[in-house]
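Breakdown of the fold
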Amino acid sequence: MTTPQLSVGVLAVGADGYQALVSYGAIAPGSGNRAILAVEQDGAPLARPRLVVTGEVTGGRDVNDVVELDVVRVEPTG
């Protein structure tokens, strides 16, 4: 059985085709992480939003130039 917090997430797609899925469980209250959709950096507006997930060591779920956000539900396949 899939944990509800891990079965719902947001898929962010960048202009370059890069995609990252952030589950609700990864950013839920108490997790210590947040997902930020930044529209400016150092006070200057960005041409396109940037998704930043705090607490990421590698930045693998950070997406530059976000062009699409999709809320998704993942169901187990087996």
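Residues numbered from 1 in each chain as written. Predicted model: local features only at pLDDT ≥ 70, side-chain atom pairs only at ≥ 80, totals over all residues. Heavy atoms only, no water.

1. Some points on the overall build of the chain
Per the secondary structure count, the chain includes two helices and five strands. If you list the helices and strands of the chain from N to C, you get α-β-β-α-β-β-β. By principal-axis analysis of the C-alpha atoms, the chain measures approximately 45 × 30 × 20 Å. Per-residue burial over the chain gives 21% buried out of 78 residues. (Helix = DSSP H or I, 4+ residues; strand = E, 2+ residues; numbered from the N terminus. Buried < 20%, exposed > 50% of the residue type's maximum accessible area, 1.4 Å probe, protein only.)

2. What about the environment of Val53?
Position of Val53 among the secondary structure elements: in strand β4 (residues 44-53). Residues Val53 and Val22, 31 residues apart in the sequence, show an inter-C-alpha distance of 8.3 Å. Those residues in contact with Val53 that lie beyond four places of it in its chain are Val22, Ile27, Arg34, Ala35, Arg61 and Asp62. (Contact = heavy atoms within 4.5 Å.)

3. So, a nonpolar patch on the surface
Taken together, the side chains of Val10, Leu37, Leu69 and Val71 make up a nonpolar region of the molecular surface, amounting to roughly 340 Å² of accessible area. Relative to the helices and strands, Val10 is located in strand β1 (residues 8-14). (Patch = residues over 30% accessible without salt bridge, like charges linked within 9 Å, V, L, I, M, F, W, Y side chains within 5 Å. Areas by Shrake-Rupley, 256 points an atom, 1.4 Å probe, with all protein chains shown as cover. Salt bridge = Lys/Arg side-chain N within 4 Å of Asp/Glu carboxyl O.)

4. Some points on the sheet that holds β1
Taken together, three strands build an open sheet; the order of strands is β2-β1-β5 and the sheet is antiparallel. Bordering the open sheet on either side are β2 (19-23) and β5 (66-73), each of which pairs with just one other strand. Between one strand and the next, the sheet's axes are offset by a mean angle of 20°, whatever the strand orientation. Bridge analysis of β1 against β2 gives five bridges, and the strand direction is antiparallel. The residue of β2 that forms the bridge with Leu11 is Leu21. (Pairing = 2+ DSSP bridges. Axes fitted to C-alpha atoms, helices over the stretch in contact; angles between N-to-C directions.)

5. Thoughts on the nonpolar core
Listed in full, the seven residues of the largest apolar core are Ala12, Ala20, Val22, Leu51, Val53, Val63 and Val66. Contributing elements (two or more residues each) for this core: β2 and β4. Not counting residues within four places of it along the chain, the set of residues in contact with Ala20 comprises Val10, Leu11, Ala12, Gly60, Arg61 and Val63. (Core = buried A, V, L, I, M, F, W, Y, C linked by side-chain atoms within 4.5 Å.)

Scope: geometric values only; no functional claims are made or implied.
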